[in-house]
Amino acid sequence: MKNAELIELALEARQKSYSPYSGFAVGAALLCKNGRVFTGCNIENSGYSATNCAERTAIFKAVSEGETEFEKIAVVGGNAVESVPEKYCPPCGICRQVLREFCSCDFEVIIARTSEDYKTMTLGELLPESFDKREF
Ligand code: THU
């Protein structure tokens, strides 16, 4: 699947964002190695720490459906009133670590505003010297 298509799915997922506290809407689309796509949005909570990020929503949906082999992820986020996010929204530290649980350092992270305006980074660039218990 092309990056532009995955970004479109992330933008669509962003429309489902439940973010009444921050007003910051995030969407993610995770492509599995077998071609399946899982999308996610951020889901906030009045007990703020119970909030779940868009990326983790997508990853947890995938893993709970039996998928653990991933190709790439697209992430879009910004003020909920903006239909096109003004800036790039790189994954938070916790989401980077959760991705690292299932993905190698060359996993591709697409950080996007629109299907034409995006940059790609590897998970290794976003999370250098990452902790992986399996290596000990
Ligand atoms: N958020 C995400 O969904 N993904 C990120 O990687 C960064 C932050 C959400 C969490 C919260 O609902 C809102 O953005 C503001 O922090």
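Structure first, text after, so check above.
Residues numbered from 1 in each chain as written. Predicted model: local features only at pLDDT ≥ 70, side-chain atom pairs only at ≥ 80, totals over all residues. Heavy atoms only, no water.

Chemist: If you had to explain the site of the ligand to someone new, which residues and values would you point to?
Modeler: Inspection of the region around the ligand gives Ser-22, Phe-24, Val-26, Asn-42, Glu-44, Thr-51, Cys-53, Ala-54, Glu-55, Pro-90, Pro-91 and Cys-92 as its neighbouring residues. In the model, an oxygen atom of the ligand is placed 2.9 Å from a nitrogen or oxygen of the Ala-54 main chain. Taking Cys-92, its main chain carries an N or O atom lying 2.9 Å from an oxygen atom of the ligand. Computed on the free molecule, the ligand has an accessible area of 370 Å², of which 79% lies beneath the protein chains in the complex. In a pocket analysis with a 2 Å cut-off to the grid points, the ligand is assigned to the largest pocket. Across the shell around the ligand, the residue classes tally to 7 nonpolar, 3 polar and 2 charged. (Near = heavy atom within 4 Å. Polar contact = N/O pair within 3.5 Å; in protein donor to acceptor, adjacent residues only side chain to side chain. Areas by Shrake-Rupley, 256 points an atom, 1.4 Å probe, with all protein chains shown as cover. 1 Å grid on protein atoms, 1.4 Å probe; cavity = no way out; pocket = protein on both sides within 12 Å on 5 of 7 lines; lining within 4 Å. Sits in = over half its atoms within 2 Å of the grid points. Nonpolar A, V, L, I, M, F, W, Y, C, P; charged D, E, K, R; others polar.)

Chemist: An account of the environment of Gly-27 is needed here, citing residue identities and associated values.
Modeler: Relative to the helices and strands, Gly-27 resides in strand E1 (residues 24-32). The exposure class assigned to Gly-27 is buried, which follows from its relative accessible area of 0%. Remark: the alpha-carbon pair of Gly-27 and Ser-104, spanning 77 residues in sequence, is separated by 22 Å. If we ignore the near neighbours within four places in the chain, the residues touching Gly-27 are Ala-10, Ala-13, Arg-14, Gly-40, Ala-54, Ala-74, Val-75 and Val-76. (Helix = DSSP H or I, 4+ residues; strand = E, 2+ residues; numbered from the N terminus. Buried < 20%, exposed > 50% of the residue type's maximum accessible area, 1.4 Å probe, protein only. Contact = heavy atoms within 4.5 Å.)

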